[in-house]
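Structural description and commentary
Next come the chains, spelled out residue by residue.
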Amino acid sequence: MQCKWIVTGCLTLLFNWTSCQEISNLTFPDSFLFGAASSAYQIEGAWNESGKGPSKWDFIIHAVPIVVDGSNAEVACDSYHRYNEDIAALKELGVNYYRFSIAWPRLLPRGFLNEINPDGVQYYNNLIDGLLAEGIEPWVTIFHADTPFPIYYLGDWNNANIVEYFTDYADLLFQLFGDRIKTWLTINEPLMYCATFIKNAVRFLGQVSVPTGVTEYLCGHNVLRAHAKTYRLYEEKYKSSQKGRISIVLNTDFSMPASDSEADVNAAQTKRDFDLGWFLHPLVYGDYPQRMIDNIGNHSSAQGYPFSRLPSFTVKEKKDIIGAYDFIAINHYTSELTVPNNSSGITVSSYDDDHNIATFKDPSWAGSAASWLKVCPQGFREMLVYLKNHYKNPEIVITEQGYADEPNTLNDMERINYYRLYLNDALKAIYEDGVKLTAYTAWSLLDSFEWDSGYSIRFGLYHVDFEDGRRTRTPKESARFYKNVISTRKLTDL
Ligand code: GBH
């Protein structure tokens, strides 16, 4: 694979960065923005304080032993009480913006507008005003995985009514904070909680109890409808006065064919359509990718379903969805190689059986503390070029990218290596491929609660001491590296 020589080339010189021949001397454009990201559930803590209602995650982690290290997010980084320390860290980094999420159940403890929590409003006002006072632009993710428990109880994203519930909540955010927020991200990574995370439910309840193959597409369908409705609401009611921009955050590993064979190339295309095209194709072209429509339709009928498990949009919905983005927002961490998975047929209905593609990582790609995250910067560049060529050369913003290592690694040279290689490919995409990449967000500002991995793997530019009641934040070497990239706009000066 093409990645191989770049990664191994740099890794053999692991602690001798300046000799790594491949690093570009180019500078990021003047208008290019750098940021760092977090999400409410992963950092805030104060899970049942000051009027906050429980979220789906509060419920799940207290009910099922899903978190590998037995931890929880009751306190996490305690950012609810220590957000000023987060702002100080961001200021020290010199980032242009901070991407954080608002906890829906902190603002609306029951999920609906009938009860608004004044302490929640105060908290986000303090955070936003504190950022602005330091010249850091607040970027808000409206939803990052923490559904209010009552709405989870009603079926979460499987319930079509969530389109109204979500739009009501988003409308409130525009009213409360829209005077100061110029970049809105509606929903983070629907692929993750519509399709990937369902594997956890299957692990605890078994395949027969979980309606796989149905829930994924219902969830995705309602996400797209909720996003489009919110986009149109903002456009009609707020855009002319508030002058912000909106998108949805999509995550994708970049799927690359394992060989040049037609079958492997075709497999990569199918996987791209399922992972990314699922959400992006409707936004750009008004409907699901044809491969999804065909595969899911054919499997559904062979399985005896009286309908396709992939729902269809009404004419009005298509009209709302097409073009409902001001830029494309992508979380990208790693890549994968694809081959057809001929062993799996249509006996089980599930997302994985519908695409029927097997994926693996090239053994030459350097690893990380997360089994799913291997270093392949070339895949990042190829993904950017793919987005440019297949989705009408959009403005692209990377809303998350980062590297996982072991807890308490302050001298995090592998993270620096990762960022250096990936940012290097970002430069090549901008200058050599003409990709309109305008902003880059490091995940994450802080070590934080990593969902089912708890605190066992870390993504932070800042170390957080979870043993210490004060949750002391300490910059890692990678924080110094990123600060240097931001101030010099180059990768070569260390
Ligand atoms: C991001 O998703 C999340 O937005 C963020 O909250 C999180 O902290 C960050 O990842 C780091 O984990 O366990 O083999 O089933 C990135 C995309 C999709 C990557 C799900 C991990 C699970 C792979 N994620 N995937 S597996």
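Look a little higher up for the structure.
On a predicted model such as this, the values are computed, not experimentally measured, just so you know.

Structural notes on the side chain of His-463
Mapped onto the elements of the fold, His-463 is located in strand S12 (residues 462-464). A polar contact of 2.7 Å, which involves the side chain of His-463, links it to the side chain of Asn-408.

Regarding the pairing of strand S10 (residues 396-401)
Burial analysis of S10 places six of its six residues in the buried class, the great majority of the element. Of the strand pairs in this sheet, strand S7 (residues 328-331) and S10 are connected by four bridges, and their pairing is parallel. Bridge assignment links Asn-331 to a residue of S10, and that residue is Glu-400. Where S10 lies against strand S11 (residues 437-443), four bridges are found, and the strand directions are parallel. Among the inter-strand pairings, Val-397 is bridged to a residue of S11, identified as Ala-439. Remark: the S10/helix H18 (residues 413-431)/S11 crossover connection has right-handed handedness.

Section: the site of the ligand
The local shell around the ligand holds 15 residues, among which Gln-42, His-144, Glu-189, Glu-450 and Trp-451 are the closest. Taking His-144, its side chain carries an N or O atom lying 3.0 Å from an oxygen atom of the ligand. Within the side chain of Asn-188, one N or O atom sits 3.1 Å away from an oxygen atom of the ligand. Notes on the ligand: free accessible area 580 Å², of which the protein chains cover 77%. Here the residues of the shell around the ligand sort into six nonpolar, six polar and three charged.

Regarding the sheet that holds strand S9 (residues 357-360)
Spatial ordering of the open sheet is given by S6-S8-S9, a layout of three strands whose pairing is mixed. On the outer flanks of this sheet lie strand S6 (254-257) and S9, each paired with one strand and no other. Across the sheet, the mean angle from the axis of one strand to that of its neighbour is 40°, orientation sign disregarded. One ladder, built from four bridges, connects S6 with strand S8 (residues 335-340); its direction is parallel. Directly across from Met-256, in S8, lies its bridge partner Leu-337.

A look at the pattern of salt bridges
Within this structure, the stated rule accounts for 33 salt bridges. Ionic pairing is found between Glu-477 and Arg-480, a salt bridge with its closest N-O pair at 3.3 Å. One end of the pair, Glu-477, and the other, Arg-480, are both in helix H19 (residues 477-488), three residues apart, so they sit about a helical turn from each other. Note on Glu-477: relative accessible area 30%, which makes it partly exposed. The exposure class assigned to Arg-480 is partly exposed, which follows from its relative accessible area of 46%.

A look at the sheet that holds strand S2 (residues 97-101)
Pairing is parallel in the closed barrel, where eight strands are placed in the order S1-S2-S3-S4-S5-S7-S10-S11. Averaged over all adjacent pairs, the angle separating strand axes in this sheet is 25°, with direction ignored. Here three bridges tie strand S5 (residues 245-251) to S7, and the two strands are oriented parallel to one another. Note on S7: the bridge partner recorded for Asn-251 is Asn-331. Against the sheet, helix H8 (residues 162-177) contacts strand S3 (137-143), strand S4 (183-188) and S5, and its axis sits at roughly 160° relative to S3. Packing of H18 onto the sheet brings it into contact with strand S1 (33-37), S10 and S11, and relative to S11 it is tilted by some 170°.

Cut-offs applied
- Residues numbered from 1 in each chain as written.
- Predicted model: local features only at pLDDT ≥ 70, side-chain atom pairs only at ≥ 80, totals over all residues.
- Heavy atoms only, no water.
- Helix = DSSP H or I, 4+ residues; strand = E, 2+ residues; numbered from the N terminus.
- Polar contact = N/O pair within 3.5 Å; in protein donor to acceptor, adjacent residues only side chain to side chain.
- Buried < 20%, exposed > 50% of the residue type's maximum accessible area, 1.4 Å probe, protein only.
- Pairing = 2+ DSSP bridges.
- Right-handed = clockwise from strand over helix to strand, strands pointing away.
- Near = heavy atom within 4 Å.
- Areas by Shrake-Rupley, 256 points an atom, 1.4 Å probe, with all protein chains shown as cover.
- Nonpolar A, V, L, I, M, F, W, Y, C, P; charged D, E, K, R; others polar.
- Axes fitted to C-alpha atoms, helices over the stretch in contact; angles between N-to-C directions.
- Salt bridge = Lys/Arg side-chain N within 4 Å of Asp/Glu carboxyl O.
- Contact = heavy atoms within 4.5 Å.

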